Amino acid sequence: MRPDDDARRRFGEYFAVRHIVVRRTAYLLCGDWHWADDLTQSTFIKVAAGWHRIRDAQVLDAYVRTCLVRTFLADTRRSWWWRERSYADVPDGAVGGEGAESSASRMLFAAALQQLPPRQRTTIVCRYYQGLDVAEPPRCSGARRGP
């Protein structure tokens, strides 16, 4: 197997495992599932372009989050005037029955995030992000670390 084939295989495996978490994080940043899909795609394009530079697999998630936040901020600066805001979006998840409390709290959290300006929203998401398998919140360059 050539080194390029091995790198493509590893990137494909990483994408298959982590794209849902990156998409959910993108949704927390922007509040729109379609925009979150665009951000996720742009982020993974950038990660694929820089895949050969990544030496330490332990910092890979941090690198992906950095790419996501920078993509979001660049997209916000570039196209703030044409984005339509929708506050009635229902996030993916359970509606009623088991898990309704978590769905309602996600909706409340997403609505509260939408009230913040983009940079503050980014700071909140980076500071308090709790992924499925993330032990501690990520360190974002714009966020202060508190006690």
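To start, this report covers the structure provided alongside it.

Reading guide: rules and limits
For every chain, the first residue of the written sequence is number 1, and numbering continues from 1 onward in sequence order. Whole-chain, interface and lining totals are the exception, using all residues; otherwise, since this is a predicted model, local features are given only for residues with pLDDT of at least 70 and side-chain atom pairs are given and counted only at 80 or more. Hydrogens and water molecules were not included; the side-chain quantities draw on all heavy atoms of the structure. Under the scheme used here, helices are H or I runs from DSSP no shorter than 4 residues and strands are E runs no shorter than 2 residues, and both carry numbers assigned from the N terminus. Relative accessible area decides the class of each residue, using a 1.4 Å probe on protein chains only: under 20% of the type maximum gives buried, over 50% gives exposed, and in between gives partly exposed. Whether two residues are in contact is decided by their heavy atoms: any pair within 4.5 Å suffices. Shrake-Rupley sampling with a 1.4 Å probe provides the accessible areas, and residues are treated as covered by the protein chains on show and by no other component. Pairing of aromatic rings covers Phe, Tyr and Trp, the last through its six-membered ring, and needs centres within 6.5 Å; plane angles under 30 degrees mean stacked, over 60 mean edge-to-face, and all others mean tilted. Buried Ala, Val, Leu, Ile, Met, Phe, Trp, Tyr and Cys residues form a nonpolar core when they are joined through side-chain atoms within 4.5 Å. Take the number of residues in a helix, subtract one, and multiply by 1.5 Å to get its expected span. Taking the helix axis as origin, the arc is that swept by the directions to the C-beta atoms. Two N or O atoms form a polar contact when they lie within 3.5 Å of each other; inside protein one atom must be a possible hydrogen donor and the other a possible acceptor, and for residues adjacent in sequence the pair counts only when both atoms belong to side chains.

**A look at the overall build of the chain**
Here's step 1: A count of helical and extended segments in the chain gives 5 helices and 0 strands.
Here's step 2: Order of helices (α) and strands (β) in the chain, N terminus to C terminus: α-α-α-α-α.
Here's step 3: By residue count, 33% of the 147 residues in the chain fall in the buried class.
Here's step 4: When contacts within the chain are restricted to residue pairs at least 6 apart in sequence, those whose partners lie at least 24 apart make up 61%.
Here's step 5: Approximately 9,900 Å² of the chain is accessible, and the part contributed by carbon and sulfur atoms is 56%.

**What to know about the packing of aromatic side chains**
For any pair of aromatic rings, the description rests on two quantities: the centre-to-centre distance and the angle between the ring planes.
Here's step 1: Taken as a whole, this structure holds 7 aromatic pairs when the rule is applied.
Here's step 2: A centroid spacing of 5.6 Å and a plane angle of 45° characterise the contact between Trp35 and Phe72, whose relative ring orientation is tilted. With a gap of 37 residues between them, Trp35 in helix 2 (residues 33-49) and Phe72 in helix 3 (residues 60-79) connect regions that are remote in the sequence.
Here's step 3: One aromatic cluster is present, formed by Phe11, Tyr14, Phe15, Phe44 and Trp51 through successive ring pairs.

**Quick word on the nonpolar core**
Here's step 1: In terms of nonpolar packing, the biggest core is built from 26 residues, with Leu39, Trp51 and Phe72 touching the most fellow members.
Here's step 2: Looking at this core, the elements with two or more residues in it are helix 1 (3-30), helix 2, helix 3, helix 4 (100-114) and helix 5 (118-128).
Here's step 3: Other than its neighbours up to four places away in sequence, Leu39 contacts Ala26, Cys30, Leu68, Thr71, Phe72 and Asp75.

**Some details on the environment of Ala26**
Here's step 1: Looking at where Ala26 falls in the secondary structure, it is placed in helix 1.
Here's step 2: Residues Ala26 and Asp37, 11 residues apart in the sequence, show an inter-C-alpha distance of 7.7 Å.
Here's step 3: Ignoring anything within four residues of it in the chain, the contact list for Ala26 reads Gly31, Ala36, Leu39, Thr40 and Leu68.

**A look at helix 2**
Here's step 1: For helix 2, which comprises 17 residues, the first-to-last C-alpha distance of 24 Å matches the rise-based estimate of 24 Å (1.5 Å per residue) to within 8%.
Here's step 2: Buried within helix 2 are the following residues: Trp33, Trp35, Ala36, Leu39, Thr40, Thr43, Phe44 and Val47. Down the axis of helix 2, the smallest arc covering the buried residues is 165°, so these residues share one side. Facing away from the buried surface of helix 2 by more than 90 degrees, the exposed residues are His34, Gln41, Ile45 and Ala49.
Here's step 3: Put simply, Asp32 is the residue that caps the front of helix 2, since its side-chain oxygen is 3.2 Å from the backbone nitrogen of His34.

Structural measurements only, silent on function.
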